[in-house]
Amino acid sequence: KAQLSRFVYIKEIDKLPQEVRLARLLGSIGEDNVITVGADDILRTPAQGTPRGEIPGMRDLMKRYVEFASSIEELVEGRELGKKQSQPVYFSSRDDRRVMSFVERFYDGDPNGTMQRALRYYFKERFSGEKDRQKVEELIRYVKTDLSRDASSKRRSLDGGSGVSATTTLPPIAAVKAEL
């Protein structure tokens, strides 16, 4: 089990689209083929990552992440997700570190978007069934924070608050999980 948790679980696609299959076959005989990758599918990273503590709303995002990860694990244990997988879905204590490292490395100024991309990369991609992926995507949408106030500002607001915390008005993920 210790060795298994050292590796990222990435399941290959079972069914390739026809244009990808053709491109792979043409490439095997040296013919040029054109497959375009959308800008959203390319992960860009700055030269140096951003420390977690400098990302606005990170404390709230971490709370939402823990709630999300626990919910996904419970859904898998209850066989509500991943029951038709050819291999069992496995979770590790290293997932937390992987997700946080992704956020630090690929932070682009949007903490919510970066966290959601990390969850899609490390959690949604573990499931092959479209229904399972839709359920995971629904839960991912709730992992965000309200950044209407600048969380990085150390100034005090007029109402006497510190101005340093981002709060969320989203429903708990457990409530969303119950609706799935």
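Computed from a prediction, not measured in an experiment: that's the story for all the values here.

**Some thoughts on the overall build of the chain**
Piece 1. A count of helices and strands for the chain gives six helices and zero strands.
Piece 2. Starting at the N terminus, the α and β elements of the chain follow one another as α-α-α-α-α-α.
Piece 3. Expressed as a percentage of its 180 residues, the buried residues of the chain come to 33%.
Piece 4. Looking at the chain alone, contacts between residues at least 24 apart form 69% of all its contacts between residues at least 6 apart.
Piece 5. Only carbon and sulfur atoms are counted for the fraction: they give 49% of the accessible area of the chain, which is about 12200 Å².

**Details of the packing of aromatic side chains**
Piece 1. Taken as a whole, this structure holds seven aromatic pairs when the rule is applied.
Piece 2. Taken together, a centroid distance of 6.2 Å and an interplanar angle of 85 degrees make the contact between Phe-102 and Tyr-122 edge-to-face. With Phe-102 in helix 3 (residues 94-106) and Tyr-122 in helix 4 (residues 111-122), the pair connects residues that are 20 residues apart, well separated along the chain. For the pair Phe-102 and Tyr-122, one class covers both residues: buried.
Piece 3. Taken together, the ring pairs connect Tyr-65, Phe-68, Phe-91 and Phe-123 into an aromatic cluster.
Piece 4. The ring centre of Phe-123 lies 5.1 Å from the NZ or CZ of Arg-126, which sits over that ring.

**Quick look at the environment of Gln-134**
Piece 1. With respect to the helices and strands, Gln-134 occurs in helix 5 (residues 130-140).
Piece 2. In the structure, Gln-134 is positioned 10 residues away from Lys-124 in sequence and 8.6 Å away in space, judged by C-alpha atoms.

What counts, and at which threshold
- Residues numbered from 1 in each chain as written.
- Predicted model: local features only at pLDDT ≥ 70, side-chain atom pairs only at ≥ 80, totals over all residues.
- Heavy atoms only, no water.
- Helix = DSSP H or I, 4+ residues; strand = E, 2+ residues; numbered from the N terminus.
- Buried < 20%, exposed > 50% of the residue type's maximum accessible area, 1.4 Å probe, protein only.
- Contact = heavy atoms within 4.5 Å.
- Areas by Shrake-Rupley, 256 points an atom, 1.4 Å probe, with all protein chains shown as cover.
- Phe/Tyr/Trp six-rings, centres within 6.5 Å; stacked < 30°, edge-to-face > 60°.
- Lys NZ or Arg CZ within 6 Å of the ring centre and 35° of its normal.

No statement about biological role is implied by the geometric values presented.
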